[in-house]
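Spelled out from the first residue to the last, the chains are:
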Amino acid sequence: MARFDVTDAEWALIEPHLPVAATGPLPRRVRDQFNGILWRFRTGSGWRDVPERYGPWSTLYSRFNGWAKAGVFQNLMDALIAEAAARGQVGLELVSVDSTIVRAHQESAGLAIGGETLDALEQALTEEKGAPLPEQPPVLRVMRRRPHPTLARRRRTSASPPGDGARHGRRLPRSADPGAG
């Protein structure tokens, strides 16, 4: 038995929850295959890197894939939690959530909407519920006005006096350069 393989006591809890076909030969080396699947996820390596002592990698992958699709791992987890609860070994002090588990997209902090849209949403909510919303203090609405595309384009392409581009650190096209020959 390797260092991180399940112990006999752990296997006694796990084995009854692993499916065995009603007909056909019993699968050989189920414990080794289970340990191989655990090894693969514990190390984060690929299926082809699983040591041979657990069996062929393709068998381990097929076994894992079948069990995952059948919900065996979820049923196993539910059964083990129920068993621990029956023994009085479950407590909230075992629950831990940190930022590596729960992630949110950078834009999940809130939705930026315009003032008219917010007013329309509040009005729709009022009409749907049939009661006016409680009076709230005015909300500071920051709205950036974007320049009209044609105005912005005109500003960028407006003609500047000769030599003006060089003064501001811009290069003039070769044809506009008076020294170009």
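As a convention, each chain's residues are numbered from 1 in the sequence order in which they are written. Local features in a predicted model are, by the rule used here, given only for residues with pLDDT of at least 70; side-chain atom pairs are given and counted only at 80 or more, and totals for whole chains, interfaces and linings are based on all residues. Neither water nor hydrogens contribute to the side-chain values; these are computed over all heavy atoms in the structure.

**Q** How should I be thinking about the packing of aromatic side chains in this particular structure?
**A** Two rings from Phe, Tyr or Trp (for Trp, the six-membered ring) form a pair when their centres are within 6.5 Å of each other. A pair whose planes differ by under 30 degrees is stacked, one over 60 is edge-to-face, and the rest are tilted. For the coordinates displayed, the defined rule picks out eight aromatic pairs. Judged by centre distance (5.4 Å) and plane angle (40°), the ring pair of Trp47 and Phe64 falls under tilted. Of this pair, Trp47 sits in the loop between helix H2 (30–43) and helix H3 (57–70) while Phe64 sits in helix H3, and the two are 17 residues apart along the sequence. Taken together, the ring pairs in this structure connect Trp11, Phe34, Phe41, Trp47, Tyr61, Phe64, Trp67 and Phe73 into an aromatic cluster. Lying across the ring of Phe41, Arg40 places its NZ or CZ 4.6 Å from the centre. Put simply, DSSP marks the helices as runs of H or I at least four residues long and the strands as runs of E at least two long, and each gets a number from the N terminus on. A positively charged side chain is recorded as over a ring if its NZ (Lys) or CZ (Arg) lies within 6 Å of the ring centre. The angle to the ring normal must also be within 35 degrees.

**Q** Teacher, can you tell me more about the side chain of Gln33 here?
**A** Relative to the elements of secondary structure, Gln33 occurs in helix H2. Note on definitions: a residue-residue contact is assigned when non-hydrogen atoms from the two residues lie within 4.5 Å. Setting aside anything within four residues of it in sequence, one finds Gln33 in contact with Arg28, Tyr54, Thr59, Leu60 and Arg63.

**Q** I keep staring at the pattern of salt bridges and nothing clicks. Help me out?
**A** Working definition: two side chains of opposite charge can pair if their charged atoms are close together. Should a side-chain nitrogen of Lys or Arg be within 4 Å of a carboxyl oxygen of Asp or Glu, the pair is scored as a salt bridge. Inspection of every chain in the model, using the stated rule, returns three salt bridges. Close ionic contact of Asp8 with Arg31 constitutes a salt bridge, the shortest N to O distance being 2.9 Å. Of this pair, Asp8 sits in helix H1 (residues 8–14) while Arg31 sits in helix H2, placing them 23 residues apart in sequence. Exposure classes here rest on a 1.4 Å probe applied to the protein chains alone. A residue is buried below 20% of its type maximum, exposed above 50%, and partly exposed in between. Assessed through its relative accessible area of 56%, Asp8 is described here as exposed. Ionic pairing is found between Arg87 and Glu83, a salt bridge with its closest N-O pair at 2.9 Å. Among the residues examined, Arg87 registers a relative accessible area of 48% and is labelled partly exposed.

**Q** Looking at this structure, how should I read a nonpolar patch on the surface?
**A** A patch consists of residues whose relative accessible area exceeds 30% and which take part in no salt bridge; residues with like charges are grouped when within 9 Å of each other, and nonpolar side chains (Val, Leu, Ile, Met, Phe, Trp, Tyr) when within 5 Å. Computed with a 1.4 Å probe, the accessible areas rest on the Shrake-Rupley method; for each residue, only the protein chains presented here act as cover. Taken together, the side chains of Met77, Ile81 and Val90 present a nonpolar region at the surface, about 280 Å² in accessible area. Tracing the backbone through its elements, the reader meets Met77 in helix H4 (residues 72–86). You can call Met77 partly exposed: its relative accessible area is 47%.

**Q** Please explain the nonpolar core as it appears in this structure.
**A** As a rule of thumb, soluble globular proteins bury nonpolar side chains together. Ranked by internal contacts, the top residues of the largest apolar core, which has 16 residues, are Trp11, Ile14, Leu18, Phe34, Trp47, Val50 and Trp67. Those elements that provide at least two residues to this core are H1, H2, H3 and H4. The contact partners of Phe34, leaving out residues within four places of it in the chain, are Val6, Trp11, Ile14, Leu18, Trp67, Phe73 and Leu76. Definition used in this section: a nonpolar core is a set of buried Ala, Val, Leu, Ile, Met, Phe, Trp, Tyr and Cys residues joined via side-chain atoms within 4.5 Å.

**Q** Explain the side chain of Asn35 here, please?
**A** Among the secondary structure elements, Asn35 is positioned in helix H2. Classification of Asn35 as buried rests on a relative accessible area of 3%. With residues near it in sequence (within four places) discarded, Asn35 still touches Asp5, Val6 and Tyr54.

**Q** Quick question: what am I supposed to make of H3 here?
**A** For an α-helix, 3.6 residues make a turn, and residues three or four places apart therefore share a direction. Between its terminal C-alpha atoms H3 stretches 20 Å, which fits the 20 Å expected from 14 residues at 1.5 Å a residue. Along H3, the residues classified as buried are Leu60, Phe64 and Trp67. Buried residues of H3 fall within an arc of 70° about the axis and therefore sit on the same side. Summarising the geometry of H3, the exposed residues directed more than 90 degrees from the buried face are Lys69 and Ala70. At its buried positions, H3 is contacted by H2 and H4. An expected span of 1.5 Å times one less than the residue number is assigned to each helix. Picture the helix axis, draw a direction to every C-beta atom, and the arc is the one those directions span.

**Q** What is the right way to look at H4 in this model?
**A** Over its 15 residues, H4 extends 21 Å from the first C-alpha to the last, a length consistent with the 21 Å expected when each residue adds 1.5 Å. For H4, the set of buried residues is Val72, Leu76, Ala79 and Ala84. For H4, the angular spread of buried residues about the axis comes to 135°, placing them on one side. Of the surrounding elements, those touching the buried residues of H4 are H1, H2 and H3. Looking one or two residues past H4, Gly88 carries a phi angle of roughly 75°, positive in sign.

This is a description of form; function is not addressed.
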